[in-house]
Amino acid sequence: MLRTCLLGSLALAHAFSFSSPRCGGGRHESVLLSLAPSPAPLAPTPPSDPWFSASLASRPPPRVASLAAAREGAASLLAAAARPRRKDEAWRRTDLSALFAAQLALPSGEVAAAALEEEMEVSAGARLVLVDGAVSEELTDLSALPEGVLVGSVGSMDAVASARVMKQLETIPEADADKRTELGAYTFAALNQASLADVACIYLPPDVEVSQPLFVFMLSSGSTSGLGASHPNLVVNLDRGSSLSLVQSYSASKAADSDYFTNALTRVTLGPDSRLRHSYLQEQGLGAFHIDSVFVDVQESARYESQMVSTGARISRLNVGVSLTGSGASCQVQGLALGAETQLVDFHTFIRHASPDCQSSQEQRNAVADRARVVFRGAVVVPRGADNTTANQLCRTLLLSDTSRADIAPTLEIATDDVKCTHGATIADLDDEMIFYLQARGLGRLEARSLLLEGWARTFMSQVPSEAARRRAAVKASLLAPETGERVVRLQQLTSI
Amino acid sequence: MAVVSLLPGWAMVFVGQPAPSHWTLPRPHARFAANVHMATGDVLLNVKNLQASVDDNSILKGVNICVRRGEVHAIMGPNGSGKSTLSKVLVGHPAYEVTGGEVTYREGEDLLDLAPEERAQQGVFLAFQYPVEISGVSNADFLRLAVNKRRGALGESEYDPIEFFGVLGEKMSSVGMSMDFINRDVNSGFSGGEKKRNEILQMALLEPELAILDETDSGLDIDALKTVAAGVNAYKNDENGIVLITHYQRLLDYIKPDFVHIMSKGQIVRSGGPELALELEKDGYKFLNPV
């Protein structure tokens, strides 16, 4: 399919056209815009999918005028886009019919004081707050950041920084990705950019190390007239040799308001020799829909380390695409999915060794109880020429009830010889031998299971620089402990006999 | 052997000892006020004709043993004779099914009727042959939880973290463990010897009435063995009972048993004094299979 549409960039005061072979054979994450001026700019056509039309009708106005062109460019892409369906490989295990049945609405924007309470102290001086996708100057406090570090709305950036970000917005991720292997980011990314209220930007100049963790809170609110929808967009650029610990946190703007839709898009570019520790906390209200795509470009000798935690939302889908694009780049990608009741927690990831001499390690931990479901589809891609690659992937799942479900699909695509790659997946309940050890020290079975799950979550969270977040994850994990009905102790797993 | 029927359905068997005459006294120390000789202490554990199986394989085929307060019993025997199974059954390991016999604890309580955690709370302790590693849970938190469970069952107030820190420091030095271990995850990355010391530390903290040590000496170097033995000897008193499961006479040089039992094919086939262990050390288990 070939599509022609209009995307403008006010920063460059220029209109571009580009074509996007949507079903190209290669595995490309983004489509680059042609810089050639369009001879005859076409007016955007409304989306053919009524849900997208309705969604665009209820999108918030742009807080920053310069975003108008990016919005319209993306809106015109939506004209030809089809909503993800179960027959798409990327969405096969994720039923979004409840989302598509909802009428999107403008969120109320109300924020309860308690929303940030637990992290006010730890984030003092390095806190960027977005409410429904727009930077809130009132709640933001960036007083402790070193000089030269730029954090805030794209509207508050200088011309150079602003132009850099606008340039990045010109690409919609996965526009021409292979349908068989894509993360499934494209459509919702286009919807995000078509609905931009603001863009949050983080820029570190060369050789700057920010010692204090930087917190970015993405608060979402609901609506009384439909499903409140917000579209936060974050762009992180670390220049050569800089280093940052970033905590990106999603939650409800007030506890009573737990039904809403957050459709986020996150782009991270790590310049040569830079380093990012990325704590990603999805702790949305339990009635919420959460969809986010995080794309990370790790350049020469840069390092990306992430702890990505998904514990909230009724349905959450996190796409994580890490590309190691420079020699010596490395990443450690860790995910934690905790699902209870009827939650669906979905992680789709790829790590792409686009350059030789790169290392990656990935560990995914899932725990799922009650009637909840967890999906993990993780690809490690080593194309031809990516020699001297080391890639390790491990997915461990705790299936804690007879009615919970885990769909796990680790994949390795290796097209070169000089590689060291491992991958593995395990699915089990908690080790009865561990439970018995704790029972033999006086703890009841339920207490023992709670303690084990807490510990399991805590070991994962040890790198997240917020005790409150570590505690919340431990509490959530311990809630998965109760066993439904009579369960049979699996004798074969008892190792201490 | 005397059989005393206490209540309908309850039968107590005391191997080689007369029945005690002070059942009704409420606390162990009160009993011992009138009863100073270890060998004539109250019955703490009475195992009668205990049979157990795992996966339908019969492992214990009628075990009898009676442990009185103040006594140390050593159980020896060839590999696969059922020693560890006996210890696991006594603390309620779910993999084993008790198919016959009975176990009474203290004043006639049916031990097999209690959940594993209740047995622990009531003062039955097993030092594991293979202690389990638990990541993400600090040793200090774990030990405090366990101690508070025991204290709760004894009607004592729970320790808060600061109080407990003091208690812990004292006990740790008594088993030769550095305070570095309190913030490490339970047994995680501990050497074999450190895990065993951690078990003895738990015993010292929990102050059980009945301690069963399942091959606590295996895998220990001679210095660690002495430290562990010193910990056990410090714990030992006239009111508690100890069951040592071991393969080696060496441990018994440091912890003097009152009785040595030899297990074979799921039964105790010989019982005697400490000299029996020396005999085994010299002649092995030949006598079990006379040619």
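Residues numbered from 1 in each chain as written. Chains lettered and ligands numbered in written order. Predicted model: local features only at pLDDT ≥ 70, side-chain atom pairs only at ≥ 80, totals over all residues. Heavy atoms only, no water.

- As annotated in an unreviewed UniProt entry, chain B carries the name ABC transporter domain-containing protein and is attributed to Prymnesium parvum.

- An unreviewed UniProt entry lists chain A under the name Fe-S cluster assembly protein SufD, with Prymnesium parvum given as the organism.

Let's talk about the overall build of chain B
For step 1, the next point in the chain: Helices and strands together make up the secondary structure of chain B, namely nine helices and 14 strands.
For step 2, the next point in the chain: Here chain B holds 291 residues, and the buried ones make up 52% of them.
For step 3, the next point in the chain: By sequence separation, contacts in chain B at least 24 residues apart represent 68% of the contacts at least 6 residues apart.
For step 4, the next point in the chain: As displayed, chain B has an accessible area near 12400 Å², and 52% of this comes from carbon and sulfur atoms. (Helix = DSSP H or I, 4+ residues; strand = E, 2+ residues; numbered from the N terminus. Buried < 20%, exposed > 50% of the residue type's maximum accessible area, 1.4 Å probe, protein only. Contact = heavy atoms within 4.5 Å. Areas by Shrake-Rupley, 256 points an atom, 1.4 Å probe, with all protein chains shown as cover.)

Comments concerning the pattern of salt bridges
Residue and element names in this part refer to chain A.
For step 1, the next point in the chain: Under the definition given, this model contains 36 salt bridges over all chains.
For step 2, the next point in the chain: Notably, a salt bridge pairs Asp49 with Arg83, separated by 2.9 Å at the nearest N-O pair. Residue Asp49 is located in the loop between strand E2 (14-19) and helix H1 (50-57), and its partner Arg83 is located in the loop between helix H2 (68-80) and helix H3 (97-101); the two are separated by 34 residues in the primary sequence.
For step 3, the next point in the chain: Residue class for Asp49 comes out buried when judged on its relative accessible area of 10%.
For step 4, the next point in the chain: Relative accessible area serves as the criterion here: at 25%, Arg83 is assigned to the partly exposed category.
For step 5, the next point in the chain: The closest approach of N and O atoms between Arg445 and Glu483, which form a salt bridge, is 2.9 Å. Separated by 38 residues along the polypeptide, Arg445 in helix H7 (residues 445-461) and Glu483 in the segment after helix H8 (467-478) bring together distant segments of the chain.
For step 6, the next point in the chain: Look at Glu483 and you get partly exposed, because its relative accessible area is 26%.
For step 7, the next point in the chain: Salt bridges here are not isolated pairs; linked through shared partners, they connect Glu118, Glu119, Glu283, Arg471 and Arg472. (Salt bridge = Lys/Arg side-chain N within 4 Å of Asp/Glu carboxyl O.)

A few points about the pairing of strand E4 (residues 127-131) of chain A
Residues and elements named next belong to chain A.
For step 1, the next point in the chain: For E4, a buried count of five out of five residues is recorded, marking the element as mostly surrounded by other parts of the structure.
For step 2, the next point in the chain: Of the two faces of E4, the one holding Arg127, Val129 and Val131 and the one holding Leu128 and Leu130 are both buried throughout.
For step 3, the next point in the chain: Relative to strand E8 (residues 214-220), E4 runs parallel, the two sharing five bridges. Of the residues in E8, the one forming a bridge with Leu128 is Val216.
For step 4, the next point in the chain: Taken together, the two bridges between E4 and strand E5 (residues 134-135) define a ladder with antiparallel strand orientation. When the bridges of E5 are listed, Leu130 appears paired with Val135. (Pairing = 2+ DSSP bridges.)

Some points on the nonpolar core
For step 1, the next point in the chain: Counting 113 residues, the largest nonpolar core has Met461 of chain A together with Leu168, Leu210, Ile212 and Leu244 of chain B as its most contacted members.
For step 2, the next point in the chain: If one sorts the elements of this core by residue count, H7 of chain A sits on top with eight residues.
For step 3, the next point in the chain: In this view, Leu210 of chain B contacts Leu44, Leu45, Val67, Tyr105, Gly123, Val124, Phe125, Tyr235, Gly241 and Val243 of chain B; residues no more than four positions away in its chain are not counted.
For step 4, the next point in the chain: If you look at the next biggest cluster of nonpolar residues, it comprises 49 residues, including Leu246, Ala264, Leu276 and Leu324 of chain A. (Core = buried A, V, L, I, M, F, W, Y, C linked by side-chain atoms within 4.5 Å.)

Regarding the sheet that holds strand E13 (residues 259-264) of chain B
All names here are of chain B.
For step 1, the next point in the chain: The strand order across the open sheet built from six strands is E8-E11-E12-E5-E13-E14, with neighbouring strands paired in mixed fashion. With partners counted over all chains shown, the strands left at the sheet margins are strand E8 (124-127) and strand E14 (267-272), one partner each. Strand after strand, the sheet turns through a mean of 20° between neighbouring axes, direction not considered.
For step 2, the next point in the chain: One ladder, built from four bridges, connects strand E5 (residues 72-76) with E13; its direction is parallel. In the strand pairing of E13, His73 is matched with Phe259. (Axes fitted to C-alpha atoms, helices over the stretch in contact; angles between N-to-C directions.)

Let's talk about the interface of chain B and chain A
For step 1, the next point in the chain: Each partner contributes to the interface: chain B provides 34 residues, whereas chain A provides 24 residues.
For step 2, the next point in the chain: Here chain B packs against chain A, burying approximately 2400 Å² in sum over the two surfaces, 69% of which is carbon and sulfur.
For step 3, the next point in the chain: Linking chain B to chain A there are two salt bridges.
For step 4, the next point in the chain: In this assembly, chain B and chain A are joined by ten residue pairs in polar contact (both at pLDDT 80 or more).
For step 5, the next point in the chain: Where the side of chain B that touches chain A is concerned, the elements lending two or more residues are helix H2 (83-91), helix H3 (116-121), E8, strand E9 (134-138), helix H4 (139-153), strand E10 (185-186) and helix H6 (192-206) of chain B.
For step 6, the next point in the chain: The residue makeup of the side of chain B that touches chain A, split by class, is 20 nonpolar, seven polar and seven charged. (Buried area = accessible area lost by both parts, 1.4 Å probe. Polar contact = N/O pair within 3.5 Å; in protein donor to acceptor, adjacent residues only side chain to side chain. Nonpolar A, V, L, I, M, F, W, Y, C, P; charged D, E, K, R; others polar.)

Concerning helix H9 (residues 275-283) of chain B
Residues and elements named next belong to chain B.
For step 1, the next point in the chain: Regarding H9, the residues found buried are Leu276, Ala277 and Leu280. With its buried residues spanning 100° around the axis, H9 presents them on a single face. Those residues of H9 that are exposed and aimed more than 90 degrees away from the buried face are Leu278, Glu281 and Lys282.
For step 2, the next point in the chain: Buried residues belonging to H9 abut E5, helix H8 (249-254), E13 and E14.
For step 3, the next point in the chain: Once H9 finishes, Gly284 follows within two positions and takes phi at roughly 70°, a positive value. (Arc of directions from axis to C-beta.)

Some thoughts on the side chain of Ser251 of chain A
All names here are of chain A.
For step 1, the next point in the chain: Relative to the elements of secondary structure, Ser251 occurs in strand E11 (residues 243-252).
For step 2, the next point in the chain: A relative accessible area of 14% places Ser251 in the buried class.
For step 3, the next point in the chain: The contacts of Ser251, once residues within four sequence positions are left out, are Met218, Leu219, Ser220, Tyr260, Glu283 and Gln284.

Here we look at helix H7 (residues 222-235) of chain B
Residues and elements named next belong to chain B.
For step 1, the next point in the chain: Counted at 1.5 Å a residue, the expected span for H7 with its 14 residues is 20 Å, and the 20 Å between its end C-alpha atoms agrees.
For step 2, the next point in the chain: Looking at H7, one finds that the buried residues are Ala224, Leu225, Val228, Ala229, Gly231, Val232 and Tyr235. Taken down its axis, H7 places every buried residue within 155° of arc, on the same side. For H7, exposure combined with an orientation more than 90 degrees from the buried face picks out Asp223 and Ala234.
For step 3, the next point in the chain: Next to the buried residues of H7 lie H6, strand E11 (210-214), strand E12 (241-245) and H8.
For step 4, the next point in the chain: The residue sitting at the N-terminus of H7 and contributing the capping side-chain oxygen is Asp221; that oxygen lies 3.1 Å from the backbone nitrogen of Asp223. (Expected span 1.5 Å × (residues − 1).)

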